Amino acid sequence: MRTELLRIAADFTTEAAKNIVDNTLAAFVRHEAPSAVKAVVDSLFGSGFKVVGSPGQGNWARIPWIAVFNPAITTTATRGYYAVYLFSADMARLYLSLNQGTTAIEQEFKSRYLPELERRAQLGNARLGKLSVGMSNAAIELAGSGTLPDGYEAGHVCGYSYDLANLPSEAVLARHLKEILSSYLKLDTLGGLTDLPTADDDDAVNGGSVEERRIYRQHQSIERNPSTSRKVKKALGYVCQGCSFDFEKVYGKIGHQYIEAHHLIQLGTLPLNTVVPMNVKTDFAVLCANCHRMMHRKNGPTTLAGLRAVHKLPALLELFNDK
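Predicted, not measured: the structure shown is a model, and the values here were computed from it.

A. Representation of the overall build of the chain within the structure. Looking only at helices and strands, the chain features 13 helices and seven strands. Across its three principal axes, the chain shows a C-alpha extent of roughly 80 × 45 × 40 Å. By residue count, 47% of the 323 residues in the chain fall in the buried class. A sequence separation of at least 24 residues applies to 62% of the contacts in the chain between residues at least 6 apart. Summed over all atoms, the accessible surface of the chain reaches about 16000 Å², with 51% contributed by carbon and sulfur. Charge separation in the chain, taken as the distance between the mean sites of 35 positive and 32 negative side-chain charges, equals 3 Å.

B. Representation of the packing of helix H4 (residues 102–109) against helix H6 (residues 147–155) within the structure. Contact pair H4 / H6: the axes reach a minimum separation of 10 Å and the direction vectors enclose 100 degrees. Taken as axis vectors, H4 and H6 run roughly perpendicular relative to one another. Contact with H4, carried on its side by Thr-102, Thr-103 and Glu-106, involves Thr-147, Leu-148, Gly-151 and Tyr-152 of H6 and no other residues of that element. A per-class count over the contact of H4 with H6 returns two nonpolar, four polar and one charged.

C. Structural view of H4. Along H4, the residues that are buried comprise Thr-102, Ala-104, Ile-105 and Phe-109. With its phi angle positive at about 55 degrees, Lys-110 sits one or two positions after the end of H4.

D. Layout of the pattern of salt bridges. Inspection of the entire model under this criterion finds six salt bridges. Among the salt bridges present, the one from Asp-42 reaches Lys-38, with a minimum N-O distance of 3.1 Å. Placement of the pair is Asp-42 and Lys-38 together in helix H3 (residues 32–45), with a separation of four residues, close to one helical turn. For Lys-38, a relative accessible area of 21% gives the class partly exposed. Here Arg-119 and Asp-195 are joined by a salt bridge, their closest N and O atoms 3.7 Å apart. Linking Arg-119 in helix H5 (residues 113–128) with Asp-195 in the loop between helix H7 (170–189) and helix H8 (210–223), this pair joins segments that are 76 residues apart in sequence. Residues participating in the shared-partner salt-bridge network are Glu-116, Arg-119, Arg-120 and Asp-195.

E. Spatial organisation of helix H9 (residues 226–236). Along H9, the positions that sit buried rather than exposed are Ser-227, Thr-228, Ser-229, Val-232 and Lys-233. Its buried side turned inward, H9 meets H8, strand E6 (260–263) and strand E7 (284–287). One side-chain oxygen at the N-terminal end of H9 lies 3.0 Å from the backbone nitrogen of Ser-227; it belongs to Asn-225. Of the residues trailing H9, Gly-237 is marked for its positive phi of about 90 degrees.

F. Layout of the pairing of strand E4 (residues 93–100). The element E4 is largely enclosed, with a buried count of seven among its eight residues. Pairing analysis gives seven bridges linking strand E3 (residues 81–87) to E4, with the strands arranged antiparallel. Along E4, the bridge assignment pairs Leu-86 with Tyr-95. Turn length for the E3-E4 hairpin, with the two strands adjacent in sequence and antiparallel, is five residues, and the turn residue Met-91 shows positive phi of about 60 degrees. Direction of pairing for E4 relative to strand E5 (residues 158–163): antiparallel, over a ladder of six bridges.

G. Representation of the pairing of E3 in the model. Burial of E3 is extensive: seven of the seven residues sit out of reach of the surface. The side-chain alternation of E3 yields two buried faces, one formed by Tyr-81, Ala-83, Tyr-85 and Phe-87 and the other by Tyr-82, Val-84 and Leu-86. As judged from the four bridges shared by strand E2 (residues 65–69) and E3, these two strands associate in the antiparallel manner. The residue of E3 that forms the bridge with Ala-67 is Val-84.

H. Highlighting the state of the cysteines. For the structure shown, the criterion picks out zero disulfides. Distance from the sulfur of Cys-243, which forms no disulfide, to the nearest cysteine sulfur (Cys-240) is 3.7 Å. For Cys-243, a relative accessible area of 15% corresponds to the buried category.

I. The environment of Gly-306, seen in detail. Mapped onto the fold, Gly-306 is located in helix H12 (residues 304–310). Accessibility expressed as a relative area gives 22% for Gly-306, which makes it partly exposed. Residues Gly-306 and Met-295, spaced 11 residues apart in sequence, show a C-alpha to C-alpha distance of 9.2 Å.

J. Spotlight on the side chain of Asn-225. Locating Asn-225 in the fold gives a position in the loop between H8 and H9. In this structure the side chain of Asn-225 is engaged in a polar contact, spanning 3.2 Å, whose partner is the backbone nitrogen of Thr-228. Those residues in contact with Asn-225 that lie beyond four places of it in its chain are Pro-71, Ile-73 and Thr-74.

K. View of the packing of H3 against H7. Across the interface, H3 lies against H7 with an axial gap of 10 Å and an inter-helix angle of 65 degrees. Remark: the crossing between H3 and H7 carries right-handed chirality. Together, Val-37, Val-40, Val-41, Leu-44 and Phe-45 of H3 and Glu-170, Ala-174, Leu-177, Lys-178, Leu-181, Ser-182 and Leu-185 of H7 make up the contact between the two elements.

Rules used in this analysis
- Residues numbered from 1 in each chain as written.
- Predicted model: local features only at pLDDT ≥ 70, side-chain atom pairs only at ≥ 80, totals over all residues.
- Heavy atoms only, no water.
- Helix = DSSP H or I, 4+ residues; strand = E, 2+ residues; numbered from the N terminus.
- Buried < 20%, exposed > 50% of the residue type's maximum accessible area, 1.4 Å probe, protein only.
- Contact = heavy atoms within 4.5 Å.
- Areas by Shrake-Rupley, 256 points an atom, 1.4 Å probe, with all protein chains shown as cover.
- Lys, Arg positive; Asp, Glu negative; His and termini not counted.
- Charge placed at Lys NZ, Arg CZ, Asp CG, Glu CD.
- Axes fitted to C-alpha atoms, helices over the stretch in contact; angles between N-to-C directions.
- Parallel < 35°, antiparallel > 145°, perpendicular 65-115°, else oblique.
- Nonpolar A, V, L, I, M, F, W, Y, C, P; charged D, E, K, R; others polar.
- Salt bridge = Lys/Arg side-chain N within 4 Å of Asp/Glu carboxyl O.
- Polar contact = N/O pair within 3.5 Å; in protein donor to acceptor, adjacent residues only side chain to side chain.
- Pairing = 2+ DSSP bridges.
- Disulfide = S-S within 2.5 Å.
- Left-handed = near helix turned anticlockwise from the far one by under 90°.

And the structure:
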C-alpha cells in the first residue's frame, strides 16, 4: 500500500499534464492502488468494505483520492461519509480522512454547503469523543480550490496527516487505517453525521432511548440508499413478502415496480467494528408500506415469519368480501 501511495505522489503532477484517456497512472489509481488498500482492509476487517480510487472523471482531478466505503452507508464519494486518502494538489501531503460526500450536500444546500459540511463534521467529532493517539480533527489543507477541494476541507471529521516526503512505514499506515475505519464504524452506531429522529419524526421511536433512535437511524440510512434499494428490489421482486400485497395488481400502471426495501439484520446485536451484512438476497426483504411500518415499530416483529404471524390481512379481506 505504501509503495502505491508513493507512486501516485511521485508521478501525478507530470502525468496530469497529459491526456487522462488510456493513461497508465490513471489506470493505476483506479485499479492497482485500490486493490493494494483493499488487501490491507480485508486483512483487518474482512471483505465487507468497498475500495475505489479516482484520478478524475474525463479530466484529471485536482485532488486524486482512494476511498473506503461502508456499503451500509454509501458506495459513492458523492454522498454519505467514508474514509479516504486525499492527496494535496501540490503532492506534498497525504491525508487519511473521515470525510463526507460534497456533491449531494452542495445540491441540497446550494451556497450554504460549506457551513453544512462543517456542522456535520463537528457533530461527528462530538459523537466520537476522544480520538485515537495520533488522530486529529485539525483542519486539512489540500492546496487547491473549487467545490470539491473546498468540500473536502470543510467535510473533514478527523484523521491523519502525512508528509509525502517522509511517509510512515507500511505497518504504521495499516494501523492508522484500522483506527480510522474503526472510527467510521463507531460513528455509524452513534448516529452518523445527521440528527437523530425524535418522537415527532416517527412513532417507531416514540419514547425510545437515544440508543434505539440511533439504531433506527442506521436502518433508515441503509434502506434509503438508492443503489442498495434498487439492487434489493431487482433481486427480490415487487410483491410484499409480509402480506403478498402487489401494488401493480391493485393500482395498475402507477403501482408498477413499487415496493420498499427493509433491512432484516438486528443492528443492536452486532458487535462494534463490524461491517453490517448487506447481501441483498438474504439480509433484506421487500415490503409494502404498512408491513414495513410494523416491522419498525417499537416491539414490532423482527422477522418475516413474525410479521406473517401477526398480520390480519386475509381475515380483513374475507370481512370486506362478506359485505
